[in-house]
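The primary structure of each chain is shown beneath.
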Amino acid sequence: MTQLAVIGGTGLASPELLQVHAQENVHTPFGEPSGPITRGTLFGQEVLFLPRHGYGHHLPPHRVNYRANIWALHELGAREVIAVAAVGGITAAMEPGVLAVPDQIIDYTWGRTSTFFVDDLDHVTHIDFTEPYCEALRQRLLQAAARAGVEMVDGGTYGATQGPRLESRAEIQRMQRDGCDLVGMTGMPEAALARELSLCYASCAVVANWAAGKAEGEITMAEIETNLKGGMADLGRVLVAL
Ligand code: HPA
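Each chain has its residues counted from 1, following the order in which its sequence is written. Where local features are concerned, this predicted model is filtered to residues with pLDDT of at least 70; where side-chain atom pairs are given and counted, the filter is 80 or more; whole-chain, interface and lining totals use all residues. Excluding hydrogens and water, the side-chain figures rest on all heavy atoms present in the structure.

A. Representation of the pattern of salt bridges within the structure. The term salt bridge refers to a side-chain nitrogen of Lys or Arg lying within 4 Å of a carboxyl oxygen of Asp or Glu. The tally for this structure, following the rule as stated, stands at seven salt bridges. With a closest N to O distance of 2.7 Å, E24 and R39 form a salt bridge. Here R39 lies in strand β3 (residues 37–42) and E24 lies in strand β2 (residues 18–24), a separation of 15 residues in the sequence. Across the salt bridge formed by E135 and R138, the nearest N and O atoms sit 2.9 Å from each other. Highlighted residues: E135 and R138, both in helix α2 (residues 135–148), separated by three residues, approximately one helical turn. The class for E135 is partly exposed, based on a relative accessible area of 39%. Ionic contacts of the salt-bridge type, sharing partners, join the residues E135, R138 and D154 into one network. Secondary structure elements are defined from DSSP: runs of H or I of at least 4 residues count as helices, runs of E of at least 2 residues count as strands, and each element is numbered from the N terminus. Buried means the residue's accessible area, taken with a 1.4 Å probe over protein chains only, is under 20% of the maximum for its type, while exposed means over 50%, and partly exposed covers the values in between.

B. A look at the site of the ligand. Around the ligand, the neighbouring residues are A86, V87, G88, L166, E167, V183, G184, M185 and N209. E167 places a side-chain nitrogen or oxygen 2.8 Å from a nitrogen atom of the ligand. Where accessible areas are quoted, they stem from the Shrake-Rupley method and a 1.4 Å probe; at the residue level, only the protein chains shown are allowed to cover. Protein coverage of the free-state accessible area of the ligand, which is 260 Å², stands at 94%. Elements with a contribution of two residues or more to the shell around the ligand: β5 (78–89) and β10 (182–184). Nearness is judged by heavy atoms alone; a residue qualifies as near a molecule or strand once a single heavy atom is within 4 Å of it. Polar contact is defined as a pair of N or O atoms within 3.5 Å, subject to the rule that within protein one atom must be able to donate a hydrogen and the other to accept it, and that residues adjacent in sequence are counted only when both atoms are side-chain atoms.

Set out below in structure tokens:
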């Protein structure tokens, strides 16, 4: 059976429903992943689980070792990856609490090591990234959501920003003009690295707040946490169905 991995984002540091079998420390040529990888069973299905920000949520988005994380999951046999991500909503359908499965990405990050193809190359490689997410896994997530009775937006463009600060109103306006529906800090280079290793990778975005300037007032961590709680509960139901 294809080994499924779940990368947990903010609000999903340790799924309560995961029956843990082992914790694997993987050392990669690119350094250490965010923590040991949990091998377990989620509703009868074998899964690998890795919290992107570490088990105590101590790694900010720009300090995550994306290469080590993706390499380690691949090393342990992962072939499909569901990347859970907290995001801000930019366009009307992406209101707080909504789940979405994006189908495009724009990368606004900088200074992150974004490829495995750096040293000892016998030839330069350019991977195809026209469709950055694995369509088969996207469809399975959407079908699982339908079975679970959870509303999930099909598609949308995820804009990956550097963080850890949130964006300015003008930045969000520019992102909207560019075609972004969602904004998050971790989608890249994760998706591209997964593609470099031929992993089938899809993202399940949980909208935590209206992006900067899309609602009155400041964005607070309290608001983000409250919305994520509801969103993550829905996500749990989708994973059960999946
Ligand atoms: N911007 C970027 N990343 C985020 C946001 C946001 O508004 N909310 C949750 N993650």
